[in-house]
Amino acid sequence: VAHPKRQSGSSRPMARHFAAAAWLACLYAATSEACTAIGVGKLASSDGSVMVAHTDDSGGMGDPRLAYVPAREYPQGSMRNVYLSIADYPRMLAPERSDTYRPLNDKQRALPWAAPIGQIPQANHTFGYWDVDYGLGNEHGLVMAETTCAGRWGAAPMGQPNGTALFGIEELSKLALERCKTAACAVSTMGAIAEEYGYYGGNSHLGKFQPWAGTQTDEEGEALVIGDATGELWVFHILPGPEGGAVWAAQRMLEESITIVANMFIIRQMDLSDPTTFRASKGIVELAAKLGLCRGEFDFTEAFSGDFKAPSRVDALVDMFYTGRRVWRVFDLVAPGLHLDPEIGALQYFETYPISVTPEALISPQRLMGILRDHFEGTAYDLTAGLGAGPYGSPNRWDGARGEREIHEGAWERGISIHRTIFSFVAQARTAVAAPELAGLVWFGEDSPHATCFTPLYLAQQTYSEAFMSGTMAVYDESMAWWAAQTVKRVMDLNYRAMLPVIREAQNECEERGAALVADTDAKVAALLAPKEVLLRAAVGEKKTREKVLEALAEGTTEHAAYFVTRWRALLANLFVKFKNGYDNTVILEGEISSEFNLGYPAWWLQQVGYGGWSEAMDSAQQKAMARFFATPEAKDALAALPLERATLEKITGRAHANASGSATGSSAPLAAAFALCAVASFVLGVGFNYLGRRVLALRARGSEWPGAETETGLLSVEERELPRNVAAQLARI
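Just so we're clear, the structure is a prediction, and the values are computed from it rather than from any experiment.

1. Examining the overall build of the protein chain
- Counting its regular elements, the protein chain contains 20 helices and 20 strands.
- Across the 734 residues in the protein chain, those meeting the buried criterion constitute 52%.
- Relative to all contacts within the protein chain whose residues are 6 or more apart in sequence, the contacts with residues 24 or more apart total 73%.
- Element-wise, carbon and sulfur atoms account for 57% of the exposed surface of the protein chain, whose accessible area totals about 32,800 Å².

2. Re the state of the cysteines
- A full pass over the atoms with the stated rule returns 2 disulfides.
- Through a disulfide, Cys-180 is tied to Cys-185; the S-S separation comes to 2.1 Å. Between Cys-180 and Cys-185, the disulfide has an S-S torsion of -65° and is therefore left-handed.
- Of the residues examined, Cys-180 reaches a relative accessible area of 1% and is grouped as buried.

3. Re unusual backbone geometry
- At the junction of Tyr-89 and Pro-90, the peptide bond is cis and its omega measures out at -10° in the coordinates.
- Mapped onto the elements, Pro-90 comes out in the loop between strand E5 (79-82) and helix H1 (106-109).
- In this model, Asp-447 sits at a positive phi of 65°, which is unusual for a non-glycine residue.
- Here Asp-447 lies in the loop between strand E17 (440-446) and strand E18 (455-458).
- Under the relative-accessibility criterion, Asp-447 is labelled buried at 0%.

4. Description of the confidence of the model for the protein chain
- Taken over all residues, the pLDDT of the protein chain has a mean of 84, while the share at 70 or more is 78%.
- Note on residues 1-32: pLDDT under 50 across the span, and 93 contacts to partners over four residues away in sequence or across chains.
- Here residues 695-716 scores under 50 on pLDDT; set against residues more than four positions off or in separate chains, the count is 20 contacts.

5. Focus: the packing of aromatic side chains
- Following the criterion strictly, the structure yields 18 aromatic pairs and no others.
- An angle of 70° between the planes, with centres 6.3 Å apart, marks the rings of Phe-444 and Phe-468 as edge-to-face. Placement of the pair is Phe-444 in strand E17 and Phe-468 in helix H9 (residues 466-469), with a sequence separation of 24 residues. Across the pair, exposure class does not vary: Phe-444 and Phe-468 are buried alike.

6. Thoughts on the environment of Met-320
- By secondary structure assignment, the location of Met-320 is in helix H6 (residues 313-334).
- The class of Met-320 is buried, set by a relative accessible area of 15%.
- Sequence spacing of Met-320 and Ile-344 is 24 residues, and the spatial spacing of their C-alpha atoms is 8.2 Å.
- Beyond its immediate chain neighbours, meaning those up to four positions away, Met-320 contacts Arg-313, Gly-345, Ala-346 and Leu-347.

7. Looking at the packing of helix H10 (residues 481-492) against helix H13 (residues 542-578)
- Relative to each other, H10 and H13 sit at 20°, their axes nearing to 9 Å. For the element pair H10 / H13, the angle class is roughly parallel. Handedness of the H10/H13 crossing: left-handed. Here Ala-481, Trp-483, Ala-484, Ala-485, Thr-487, Val-488 and Val-491 of H10 lie close against H13, whose contacting residues are Phe-564, Val-565, Trp-568, Arg-569, Leu-571, Leu-572, Leu-575 and Phe-576.
- Grouping the amino acids of the contact of H10 with H13 by side-chain chemistry returns 13 nonpolar, 1 polar and 1 charged.

8. Observations regarding the sheet that holds strand E14 (residues 258-261)
- The 6 strands are arranged E14-E1-E2-E16-E17-E18 in an open sheet whose pairing can be described as antiparallel. Edge strands, defined here as strands with exactly one partner in the open sheet, are E14 and E18. In this sheet, neighbouring strand axes are inclined to one another by 15° on average, regardless of whether the strands run parallel or antiparallel.
- As paired elements, E17 and E18 share 4 bridges and run antiparallel to each other. Directly across from Leu-441, in E18, lies its bridge partner Tyr-458.

9. Describing the environment of Glu-437
- Mapped onto the elements of the fold, Glu-437 is located in the loop between strand E16 (423-429) and E17.
- For Glu-437, a relative accessible area of 13% gives the class buried.
- Sequence separation of Glu-437 and His-140 is 297 residues, and the distance between their C-alpha atoms is 7.0 Å.
- At 2.7 Å, the side chain of Glu-437 forms a polar contact with the side chain of Arg-546.

10. Let's talk about the side chain of Asp-228
- Within the secondary structure, Asp-228 is located in the loop between strand E11 (221-227) and strand E12 (233-240).
- At 8.3 Å, Lys-42 is the nearest oppositely charged side chain to Asp-228, a buried residue that forms no salt bridge.
- Here the side chain of Asp-228 touches Ala-183 through a polar contact of 2.8 Å, landing on its backbone nitrogen.
- The residues contacting Asp-228, other than those within four sequence positions of it, are Val-50, Gly-141, Leu-142, Lys-181, Thr-182, Ala-183, Ala-184 and Ala-429.

11. Looking at the nonpolar core
- If you look at the biggest cluster of nonpolar residues, it comprises 78 residues, and the most contacted ones within it are Leu-66, Phe-300, Phe-304 and Phe-564.
- Apart from the residues lying within four places of it in its own chain, the contact partners of Phe-300 are His-237, Leu-239, Val-247, Trp-248, Ala-249, Phe-265, Ile-267, Arg-268, Met-270, Ile-284 and Ser-305.
- By size, the runner-up hydrophobic cluster in this structure holds 42 residues, among which are Ala-44, Ile-260, Trp-328 and Val-330.

12. A look at the pattern of salt bridges
- Summed over all chains, the structure comprises 24 salt bridges.
- For Arg-325, the salt bridge is made with Glu-413, and the minimal N-O distance between the two is 2.5 Å. Of the two residues, Arg-325 is situated in helix H6 and Glu-413 in the loop between helix H8 (402-406) and E16; the sequence distance between them amounts to 88 residues.
- Bridged by salt links that share partners, the residues Asp-63, Arg-65, Arg-91 and Asp-131 form one connected network.

13. Focus on the packing of H10 against helix H11 (residues 496-528)
- Closest axis-to-axis distance for the H10/H11 pair is 9 Å, and the angle between their directions is 145°. Here Val-488, Val-491 and Met-492 of H10 lie close against H11, whose contacting residues are Tyr-496, Met-499, Leu-500 and Ile-503.
- Of the residues contributing to the contact of H10 with H11, the split by class is 7 nonpolar, no polar and no charged.

The rules behind each value
Residues numbered from 1 in each chain as written. Predicted model: local features only at pLDDT ≥ 70, side-chain atom pairs only at ≥ 80, totals over all residues. Heavy atoms only, no water. Helix = DSSP H or I, 4+ residues; strand = E, 2+ residues; numbered from the N terminus. Buried < 20%, exposed > 50% of the residue type's maximum accessible area, 1.4 Å probe, protein only. Contact = heavy atoms within 4.5 Å. Areas by Shrake-Rupley, 256 points an atom, 1.4 Å probe, with all protein chains shown as cover. Disulfide = S-S within 2.5 Å. pLDDT = per-residue confidence, 0-100. Phe/Tyr/Trp six-rings, centres within 6.5 Å; stacked < 30°, edge-to-face > 60°. Axes fitted to C-alpha atoms, helices over the stretch in contact; angles between N-to-C directions. Parallel < 35°, antiparallel > 145°, perpendicular 65-115°, else oblique. Left-handed = near helix turned anticlockwise from the far one by under 90°. Nonpolar A, V, L, I, M, F, W, Y, C, P; charged D, E, K, R; others polar. Pairing = 2+ DSSP bridges. Polar contact = N/O pair within 3.5 Å; in protein donor to acceptor, adjacent residues only side chain to side chain. Lys, Arg positive; Asp, Glu negative; His and termini not counted. Salt bridge = Lys/Arg side-chain N within 4 Å of Asp/Glu carboxyl O. Core = buried A, V, L, I, M, F, W, Y, C linked by side-chain atoms within 4.5 Å.

This is the structure we're talking about:
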């Protein structure tokens, strides 16, 4: 397979130069709280839509609520409030924007970010949109996905003692959704506003307001992957400027390509004479040249990505592979024929992977959902395999605690779906639809992708299920969609490998139902707008027709959202029953009987934990313990009271005395034999009574009572009737 058509300014990926040490098999940044963003061009998608996908991996006490901000008209001269960008709950307190952002109590009203930190002139008209931490998409099908990147410089927001900047990426992305229909408009609007009013990165964490130092660079950069209903896909990068303002760049992706941004900038060479493909902040090339940030021709990532000075080789490797492995994995999943190198990592000063590739098969929304659920399965970096996954193949790796900090040479592999994902989504900007209201469609999943169902939401609809629009991660609430997915994910860790097929079945059922709903809703809206409805529209008015369209959009999706919560609650209950006490249980007669399959542990894991050496160790230890025990006067007196023949008693006590005094070698064979006989007798009795007990239950399940002596012959086989006699005979032989 040939290399994909490359974008202008991209260079051939380096081969195996600067290869990372192969011994570092686990790479997971211990402190980063970052995300993954993917974009798919319209000619690379199965239905001609532009798609963007996002995993929000912030962890901690984030805010997974969906919020709708309605379209509005403003009088000339109005001002727009700008709020501090906060990732925690409540992420915003702005009642003038949305009911979701109304303070619930005086404590919330008193939070430091409840008041705006500044204002800018308001547009006369703003579009309706949905957001989560960042802007998600608006009524015209403009959609965006975010990922945090390292930036060369830092800045602090207004309101801080050293604050110079008004906008973080959260507010900047929402501003673009308010004012733009296209991705090109969005990148230019965000760039111009950030240059004028200043941009800062980073945010508060764990519900506490933490002042910005304005000097850190690890989370000062941001990237957005932006798509629109005209069929364009853009990548946008931004970071604080060295003396205020902002440095930014944007590049339009090829229509037949897929791209990924994984916590590191990807834009490199730029032809700024072509604004249809490249856009950037004023004087960006001159700034890089003045500061000597490029070795040769202008390269945005080389110049403005974080100025990494890793304290050790291990830290440097983590930086490279935290990004590089995900980039390789996405490209390898969709274009395996390229044989990209997974061991070279992502480097700031060299382009080791292309900015985009052409997939070998068209990508559907469902395929993209599957990519978001990936843990490198089937590769050398498979998070569901090996000792780190435990006996049951869990891909989740808790990170950043004391133990990891004490082992300086290690790190975990960084998958796409991880344990601290708060929400994820696949957003479509659909170009071939019957009405503009159908253009924006989001498949939204609360919590980690591998444990959730992606449910549909039209970006033009104005209402949705309260299960997705209320609640907090700090208070358990069964009615909240996030908790429905979170509890299933937590239970999965008990035995991920055994439970995964059950989860996948539920996901397929839920998402197939969602796809059928979307097809049905699209058809309903098309019917409302069909030529035969022209007279009706003229009679009732365009406003009434639009109301009917919006009602059709919200009705089915809201019902499906409620179905997800109900289905996942039932799924959780099923996992409790099916996998209780280490078994895979199948209910035969509800409330009374089930068949049990002991899941146990895999042999390779048993060997690793020393299971195979138990019997030898115990045999040796018991022989020594028996020798000590029967050498005591009390034990001899107890044995003398047993109805044993004198010769047998003398053999036992004599051997015990010999072993205890060291005058003889060997094992306590007679005593060991006696214990063995007891064990055999216990086993035979256990097998017999267990079998008979199961026979009773089986008969009850058939509706029969336990037979009397006169009917036993007709219900039990010869072997079954003889079982008690056989047990007695074996005991007699013992």
